[in-house]
Amino acid sequence: MTSATRNDVPVAIEGNGVELRTMPIGGGMSVGYVHLPQGADMGPAFKGLTDDACQCPHWGYLLKGKLRMRTATGSETYEAGQAYYWAPGHVPEALEDCDFVEFSPTEDFEPVITHLTSQSA
């Protein structure tokens, strides 16, 4: 069995107040600890991915804040205290400072992280 606190998980992406910590946790899944500051729109960072959106599914829990998730079919707002499933093809925008923890298939998440880190290089 594996466990990890936020501080145990290495930073994969950091900049402009955005922080993503992620690592494989077992069962083909990775845990992610995410902070998005109010106003952060991940749309520009996802440009170049299929549909210019994150193509990895995520299951998680919003610890703090309010977030708009845009998809090809519209948008939905999530608030602190909600568990979620985000299908491939989403773009988050922080309406308030947000902290969330999520679980993602490692194989699907790695290309997204590679794309994001290449955008910030």
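Q: Explain the state of the cysteines to me, and be specific about the residues and the numbers.
A: Here the structure, examined in full by the defined rule, presents zero disulfides. Of all cysteine sulfurs, the one in cysteine 54 lies closest to cysteine 56, which takes part in no disulfide; the gap is 5.4 Å. Here cysteine 56 falls in the buried class, since its relative accessible area comes to 0%.

Q: Tell me what's going on with unusual backbone geometry, and back it up with residues and numbers.
A: Residues other than glycine predominantly adopt negative phi, and peptide bonds predominantly adopt the trans conformation. Located in the positive-phi region is asparagine 16, a residue other than glycine, with phi close to 55°. In this model, aspartate 52 sits at a positive phi of 50°, which is unusual for a non-glycine residue. Its place among the elements puts aspartate 52 in the loop between helix H1 (43-46) and strand S4 (58-64).

Q: For the nonpolar core, give the residues involved together with the corresponding values.
A: Judged by nonpolar contacts, the single largest core of 26 residues is most densely connected at Leu36, Phe46, Leu67, Trp86, Cys98, Phe100 and Val112. Elements that contribute at least two residues to this core include exactly strand S2 (18-26), strand S3 (29-36), strand S5 (66-71), strand S7 (83-86), strand S8 (90-94), strand S9 (98-105) and helix H2 (106-120). It is H2 that provides the largest number of residues to this core, a total of four residues. Among the nonpolar cores identified, the runner-up in size contains six residues, and Val9, Val31, Tyr33 and Val101 belong to it.

Q: Break down the environment of glycine 48 for me, citing the residues and quoting the values.
A: Along the polypeptide, glycine 48 turns up in the loop between H1 and S4. Here the alpha-carbon distance between glycine 48 and leucine 95, two residues 47 residues apart in the chain, equals 24 Å.

Q: If you had to explain the sheet that holds S4 to someone new, which residues and values would you point to?
A: Taken together, the six strands give an open sheet; going across it, the order is S1-S2-S3-S9-S4-S7, and neighbouring strands pair in antiparallel fashion. A strand with exactly one partner marks an edge of an open sheet, and here the two such strands are strand S1 (11-15) and S7. Going from strand to strand, the sheet's axes swing by 20° on average, the running direction of each strand aside. As paired elements, S4 and S7 share four bridges and run antiparallel to each other. If you follow tryptophan 59 over to S7, its bridge partner there is tyrosine 85.

Q: Can you explain the sheet that holds strand S6 (residues 74-79)? Please cite residues and give values.
A: One open sheet holds the three strands; their spatial order is S6-S5-S8, and the pairing between them is antiparallel. Here the strands that pair on one side only, and so sit at the sheet edges, are S6 and S8. For this sheet, the mean angle separating the axes of adjacent strands, direction not counted, is 25°. Direction of pairing for S5 relative to S8: antiparallel, over a ladder of five bridges. Across the sheet, arginine 70 pairs through a bridge with valine 91, a residue of S8.

Q: Could you give an account of the packing of aromatic side chains, with specific residues and numbers?
A: Taken as a whole, this structure holds six aromatic pairs when the rule is applied. Measuring from centroid to centroid gives 6.2 Å for tyrosine 84 and phenylalanine 100, while their planes differ by 80°, and the two rings are edge-to-face. Residue tyrosine 84 is located in strand S7, and its partner phenylalanine 100 is located in strand S9; the two are separated by 16 residues in the primary sequence. What makes phenylalanine 100 buried here is its relative accessible area of 5%. Through a chain of ring-to-ring contacts, the aromatic side chains of Tyr78, Tyr84, Trp86 and Phe100 assemble into a single cluster.

Criteria and cut-off values
Residue numbering note: each chain is counted from 1, following its sequence as written. Local features are withheld for residues below a pLDDT of 70 in this predicted model, meaning they are given only at 70 or higher, and side-chain atom pairs are given and counted only at 80 or more; totals for whole chains, interfaces and linings count all residues. Computation of side-chain values covers all heavy atoms of the structure but excludes hydrogens and water. A pair of cysteine sulfur atoms is labelled a disulfide when the two atoms are within 2.5 Å. A 1.4 Å probe rolled over the protein chains alone gives each residue an accessible area, and that area as a share of the maximum for its type sets the label: buried under 20%, exposed over 50%, partly exposed in between. Helical segments are the DSSP runs of H or I of at least four residues, strand segments are the runs of E of at least two, and each set is numbered from the N terminus. For our purposes a nonpolar core is just a set of buried Ala, Val, Leu, Ile, Met, Phe, Trp, Tyr and Cys residues, chained together by side-chain atoms within 4.5 Å. Here, a strand pair is defined by DSSP locating no fewer than two bridges between the strands. To obtain each axis, a line is fitted to C-alpha atoms, and for helices this fit is confined to the stretch in contact; angles are then taken between N-to-C directions over 0 to 180 degrees. Between rings of Phe, Tyr and Trp, where Trp is taken as its six-membered ring, a pair exists when centres lie within 6.5 Å; planes separated by under 30 degrees are stacked, by over 60 edge-to-face, and by other angles tilted.

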